[in-house]
Amino acid sequence: EDLGVRHRLWVYSGRRGVHCWVCDDAVRKWSSALRAATVEYLTLVKVARRGGTRCWPSSRRISFPERCRHAAWHCAGSGGRVCAGGVGSAVSAISLDRRPQHREPLQGEFPKKRDSVQRWELLKGRMERTRRVGGPGRSTPCYADWEIMLQYCFPRLDINVSKGVGHLLKSPFSVHPKTGRISVPLDLQRLDQFDPFAVPTISSLCHELDAAGDDGEQEDGGETEPKRRVRDYKKTSLAPYVRVFEQFVEEMERTRRGELLRRS
């Protein structure tokens, strides 16, 4: 919104990243310097030299994502980086590093909690208590819970890919070489329902196409092969993702057509 960008296609990488294809005509002509400045502007989290997390002013203009809150207490569990045994590596790296009187009790209490939810509630409760100390009318602000959420759960931007005009980019519907998953476009209206582990893989698509081909031969034995192939992909789990891509292209075409009419 700040930059006037309209046409953005979000594509799951097939592993653990997301690509944002910005397809506005003006943006495609940006220089590397302008692209780098844009990425710097959009970078919300920086790590200070002496430890701690700094949020740049642009982060104050957005509401703190609820997704980060949920991801944070998952990280507080035994499988995350803010786990019972490794809480020091996470908490010590932020503002609690300057408050050993709060950090050390947390290190002792974390292993006693049953799950990640209880550990995260303990941490939040301790932070609220810390904010109120300091005597009547005074308080010592401590935002370690927010810093943990930003430090470990907020997305990181790949500066080199974003600013390099000649950098290789992963196309939508390509196959990730390590996971075999397809790089599929994301429907932002149904983002909460997206499961990266349920994305079609090259193997699953082969099985689905084989099954669709067998059914097609039984129904329409005389139909030509190319026509049947075009129809068969719609019977696979890739079909809804293709539709998201088609809608994105159609919207771009409508905008381009309207711009040409305006100029004429």
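Residues numbered from 1 in each chain as written. Predicted model: local features only at pLDDT ≥ 70, side-chain atom pairs only at ≥ 80, totals over all residues. Heavy atoms only, no water.

Under an unreviewed UniProt entry, the name given to the protein chain is DNA primase AEP, and the source organism is Oceanodroma tethys. The UniProt entry for the protein chain carries this comment under Sequence similarities (unreviewed entry): "Belongs to the eukaryotic-type primase small subunit family." Under the heading Catalytic activity (unreviewed entry), UniProt records this for the protein chain: "ssDNA + n NTP = ssDNA/pppN(pN)n-1 hybrid + (n-1) diphosphate." (UniProt positions renumbered as here; feature names shortened; annotations may be inferred.)

Enquirer: How should the overall build of the protein chain be read in this particular structure?
Expert: When its secondary structure is counted, the protein chain shows 11 helices and four strands. Within the protein chain, the fraction of its 264 residues that count as buried is 34%. Considering only intrachain contacts with a sequence separation of at least 6, the fraction spanning at least 24 residues in the protein chain is 54%. Carbon and sulfur atoms provide 53% of the accessible area of the protein chain, an area that totals close to 17200 Å². (Helix = DSSP H or I, 4+ residues; strand = E, 2+ residues; numbered from the N terminus. Buried < 20%, exposed > 50% of the residue type's maximum accessible area, 1.4 Å probe, protein only. Contact = heavy atoms within 4.5 Å. Areas by Shrake-Rupley, 256 points an atom, 1.4 Å probe, with all protein chains shown as cover.)

Enquirer: Hey, could you run me through the nonpolar core in this one?
Expert: Most often, soluble globular proteins keep nonpolar side chains buried together rather than apart. In terms of nonpolar packing, the biggest core is built from 10 residues, these being Leu-106, Phe-110, Trp-120, Leu-122, Leu-123, Met-127, Ile-148, Met-149, Tyr-152 and Cys-153. Residue assignment for this core shows that the elements contributing at least two residues are helix H6 (116-132) and helix H7 (144-153). Formed by nine residues, the second largest nonpolar core is a distinct cluster that contains Tyr-12, Leu-205, Leu-238 and Tyr-241. (Core = buried A, V, L, I, M, F, W, Y, C linked by side-chain atoms within 4.5 Å.)

Enquirer: Please clarify how the packing of aromatic side chains should be interpreted in this entry.
Expert: For any pair of aromatic rings, the description rests on two quantities: the centre-to-centre distance and the angle between the ring planes. Following the criterion strictly, the structure yields two aromatic pairs and no others. Centre to centre, the rings of Tyr-12 and Phe-194 are 5.4 Å apart; their planes meet at 70 degrees, and the pair counts as edge-to-face. Residue Tyr-12 is found in strand E1 (residues 8-12), and its partner Phe-194 is found in the loop between helix H8 (159-163) and helix H9 (202-219); the two are separated by 182 residues along the sequence. Where Phe-173 meets Phe-245, the ring centres are 5.7 Å apart and the plane angle is 80 degrees; that geometry is what we call edge-to-face. In this pair, Phe-173 is assigned in the loop between H8 and H9 and Phe-245 in helix H11 (residues 239-263), connecting sequence segments 72 residues apart. Of the residues examined, Phe-245 reaches a relative accessible area of 29% and is grouped as partly exposed. (Phe/Tyr/Trp six-rings, centres within 6.5 Å; stacked < 30°, edge-to-face > 60°.)

Enquirer: Whenever I open this one, a nonpolar patch on the surface confuses me. Can you help?
Expert: Taken together, the side chains of Leu-3, Tyr-41, Leu-42 and Leu-157 define a hydrophobic patch exposed on the protein surface, amounting to about 350 Å² of accessible area. In this structure, Tyr-41 sits in helix H2 (residues 32-42). Exposure remark for Tyr-41: the relative accessible area of 37% places this residue in the partly exposed category. (Patch = residues over 30% accessible without salt bridge, like charges linked within 9 Å, V, L, I, M, F, W, Y side chains within 5 Å. Salt bridge = Lys/Arg side-chain N within 4 Å of Asp/Glu carboxyl O.)

Enquirer: I would appreciate a short explanation of the side chain of Thr-38 in the present structure.
Expert: Within the secondary structure layout, Thr-38 lies in helix H2. If near-sequence neighbours (up to four positions away) are discounted, Thr-38 is found in contact with Leu-3 and Trp-30.

Enquirer: Just to check I follow, could you spell out the pattern of salt bridges for this structure?
Expert: Note that side chains of opposite charge can pair when their charged atoms are close. Under the defined criterion, the tally for this structure stands at 10 salt bridges. A salt bridge links Arg-6 to Glu-251; the nearest nitrogen and oxygen atoms lie 3.9 Å apart. Taken together, the residues span a long stretch of sequence, with Arg-6 in the segment before E1 and Glu-251 in helix H11 at a distance of 245 residues. Given a relative accessible area of 54%, Arg-6 falls into the exposed group. Between Arg-243 and Glu-246 there is a salt bridge, and its shortest N-O distance comes to 3.2 Å. A residue pair is termed a helical-turn pair when its members lie 3 or 4 positions apart in one helix, as Arg-243 and Glu-246 do in helix H11 at three residues. Three or more residues are tied together by salt bridges with common partners; here these are Arg-6, Glu-251 and Arg-254.

Enquirer: Could you clarify how one ought to interpret the pairing of E1 in this entry?
Expert: Regular strands place side chains that alternate from one sheet face to the opposite one. One ladder, built from five bridges, connects E1 with strand E2 (residues 18-22); its direction is antiparallel. Bridging across to E2, Leu-9 finds its partner in Trp-21. Counted along the chain from E1 to the antiparallel partner E2, the turn is five residues long, and its residue Gly-14 has a positive phi close to 105 degrees. (Pairing = 2+ DSSP bridges.)

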